[in-house]
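# Results of the structural survey
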Amino acid sequence: MSRFGLYWSSATASYLGDGVRFAALPLLASSLSSSPADVAWVSGAVGLPWLLFGLVAGVIVDRVQRARLMALVQLARAVVGGAVVAAVAGGRLTIPSLVLLVFLLSTCEVLYDVASNAVLPAIVDRRRLQWANGRLIAAEIVALEFAGPALGGMLFAVGAALPFAFDAASFLGSAVLLLVVARGLAATLPESTGAARGHSSIGKELLEGFRWFRGQALIRSLTLVAVAVNLGAGGFYAILVLFAQRELSIGPAGYGLLIAVGAAGSVAAGVVADKVYLPGLVKLRRLLEGEAARLVKGSHIVVPKFWEGRQAYLVQNSDKRVIFINPYQNDLALIGTTDIPYEG
């Protein structure tokens, strides 16, 4: 099997385990407590490591051999997953202990996901990156969003520990394949890290990354959008399991299918995305990148309103400067001009 074939198999196994856990984890939390707050604590433990360790993970990934790091992280996740299985099977699991175990699993996931986004150029030729990414995305959609949740719900219906045993086994299989991939790669630091970077402090690299992020208008805007979407989705999935059980009378298998069916939207979007052209999206992209808008310094005054009606006016001076006159509050007018580009 080719190096990419091994990596694809490893990633697919991990995606399938993640999908199984995605459906089974809320079911397990709701079996331990009927409190929405308790279930939400478990859901929050999934996302919190990204907030705490996302930037640090990026620095670590730049300092080590990525495939080997991913293999070690998968082994650690298999151990934590085994602890979940033992606790469930022994009847010793509580909400606080589940929150802790989920936090550890998600912390490992942060390292794995950050490394997986950077390791592919070392596995395939750069001319085949688009092809390789397409294969990985297809595997993610099928395994993580469709097959995984449906299988997770069915396994949980048979036994609460089964989906987590499957999850741990998927991590173990993924780790073995990644170790084979890592052995075939040069055991050196990634190309993006020079000899000097090996001696630089983590704090300095974090500061450099933050400065770069601050200077990228599009990336900042997309990050804010992603934060808003994830907050909404996190709140939704935190209580969906309770709604499905109480209001819809759906069992574990049905809940897994419900999650899987919900993934149809992402598949439909992927199919039509390259066929839909919306001029407004192009304008929005230009605006976010700073191409379609600029800030200017202006002068504004407020005076008593001197005309009837609510209409606004734009007038142009002989020096080509535009002056706007807008109604302001009830009986006032705002007169201003913006003619000096703002830099800063």
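For the structure, check the block above.
Predicted, not measured: the structure shown is a model, and the values here were computed from it.

## Points about the overall build of the protein chain
Broken down by element type, the protein chain carries eleven helices and four strands. Each of the 344 residues in the protein chain was classed as buried or not, and the buried ones make up 34%. In the protein chain, 78% of the contacts between residues at least 6 apart in sequence involve partners at least 24 apart.

## Side note on the pattern of salt bridges
Evaluation of the coordinates by the stated rule reveals six salt bridges. A salt bridge links Arg 21 to Asp 18, with the nearest nitrogen and oxygen atoms 3.1 Å apart. Of this pair, Arg 21 and Asp 18 both sit in helix α1 (residues 3–32), three residues apart, which is roughly one turn of the helix. Side by side, Arg 21 and Asp 18 carry an identical accessibility label, which is buried. Here Arg 66 and Asp 62 are joined by a salt bridge, their closest N and O atoms 3.0 Å apart.

## Observations regarding the packing of aromatic side chains
Scanning all chains against the criterion turns up two aromatic pairs. Between Phe 4 and Trp 131, the ring centres sit 5.1 Å apart and the planes meet at 50 degrees, which makes this aromatic pair tilted. Of this pair, Phe 4 sits in helix α1 while Trp 131 sits in helix α5 (residues 129–158), placing them 127 residues apart in sequence. Between Phe 53 and Phe 103, the aromatic rings sit 6.1 Å apart at their centres with planes inclined by 65 degrees, giving edge-to-face as the arrangement. Of the two residues, Phe 53 is situated in helix α2 (residues 36–61) and Phe 103 in helix α4 (residues 95–123); the sequence distance between them amounts to 50 residues. Sitting above the plane of the Tyr 112 ring, Arg 77 keeps its charged end 5.7 Å from the centroid.

## Focus: unusual backbone geometry
Not every positive phi belongs to a glycine, and Ser 249 is a case in point at roughly 55 degrees. If you trace the backbone, Ser 249 turns up in the loop between α8 (217–246) and α9 (252–262). The exposure class of Ser 249 is exposed, given its relative accessible area of 63%.

## Brief notes about the environment of Arg 246
Of note, Arg 246 is situated in helix α8. Take Arg 246: its relative accessible area is 46%, and that puts it in the partly exposed class. The spacing of Arg 246 and Ser 34 is 212 residues in sequence and 10.0 Å in space, taken between C-alpha atoms. A distance of 2.3 Å separates the side chain of Arg 246 from the backbone oxygen of Ser 34, its partner in a polar contact.

## A look at the nonpolar core
By size, the foremost hydrophobic cluster in this structure holds 31 residues, and its most contacted members are Leu 28, Val 42, Leu 93, Leu 98, Phe 164 and Tyr 255. Elements with a minimum of two residues in this core: α1, α2, α3 (66–89), α4, α6 (162–184), α8 and α9. In contact with Leu 93, not counting residues within four places along its chain, are Leu 28, Leu 32, Ala 87, Val 88, Leu 98 and Leu 101. In terms of nonpolar packing, the next biggest core, distinct from the first, is built from 30 residues, Ala 67, Val 73, Leu 129 and Ala 143 among them.

## Quick word on α8
Between its first and last C-alpha, α8 extends 44 Å over 30 residues, near the 44 Å set by a 1.5 Å rise per residue. The sharpest bend along α8 measures roughly 35 degrees and falls at Ile 239. Every buried residue of α8 is listed here: Ser 221, Ala 238, Leu 240, Val 241, Leu 242 and Ala 244.

## Here's the deal with the packing of α1 against α9
Packing of α1 against α9 brings their axes to within 10 Å, and their N-to-C directions diverge by 135 degrees. Classified by the interaxial angle, the pair formed by α1 and α9 is oblique. The interaxial crossing formed by α1 with α9 has right-handed handedness. Across the interface between the two elements, Phe 22, Ala 23, Pro 26 and Leu 27 from α1 touch Pro 252, Tyr 255, Gly 256 and Ile 259 from α9.

## Notes on a nonpolar patch on the surface
A contiguous nonpolar patch, built from Leu 72, Leu 75, Leu 172, Val 176 and Leu 179 and spanning about 410 Å² of accessible area, is present on the exposed surface. Ranked by the residues each element gives to the nonpolar patch, the list is headed by α6, at three residues. The residue Leu 172 is located in helix α6 in this model.

What counts and how
- Residues numbered from 1 in each chain as written.
- Predicted model: local features only at pLDDT ≥ 70, side-chain atom pairs only at ≥ 80, totals over all residues.
- Heavy atoms only, no water.
- Helix = DSSP H or I, 4+ residues; strand = E, 2+ residues; numbered from the N terminus.
- Buried < 20%, exposed > 50% of the residue type's maximum accessible area, 1.4 Å probe, protein only.
- Contact = heavy atoms within 4.5 Å.
- Salt bridge = Lys/Arg side-chain N within 4 Å of Asp/Glu carboxyl O.
- Phe/Tyr/Trp six-rings, centres within 6.5 Å; stacked < 30°, edge-to-face > 60°.
- Lys NZ or Arg CZ within 6 Å of the ring centre and 35° of its normal.
- Polar contact = N/O pair within 3.5 Å; in protein donor to acceptor, adjacent residues only side chain to side chain.
- Core = buried A, V, L, I, M, F, W, Y, C linked by side-chain atoms within 4.5 Å.
- Expected span 1.5 Å × (residues − 1).
- Bend = angle between axes of the 7 residues up to and from the residue.
- Axes fitted to C-alpha atoms, helices over the stretch in contact; angles between N-to-C directions.
- Parallel < 35°, antiparallel > 145°, perpendicular 65-115°, else oblique.
- Left-handed = near helix turned anticlockwise from the far one by under 90°.
- Patch = residues over 30% accessible without salt bridge, like charges linked within 9 Å, V, L, I, M, F, W, Y side chains within 5 Å.
- Areas by Shrake-Rupley, 256 points an atom, 1.4 Å probe, with all protein chains shown as cover.

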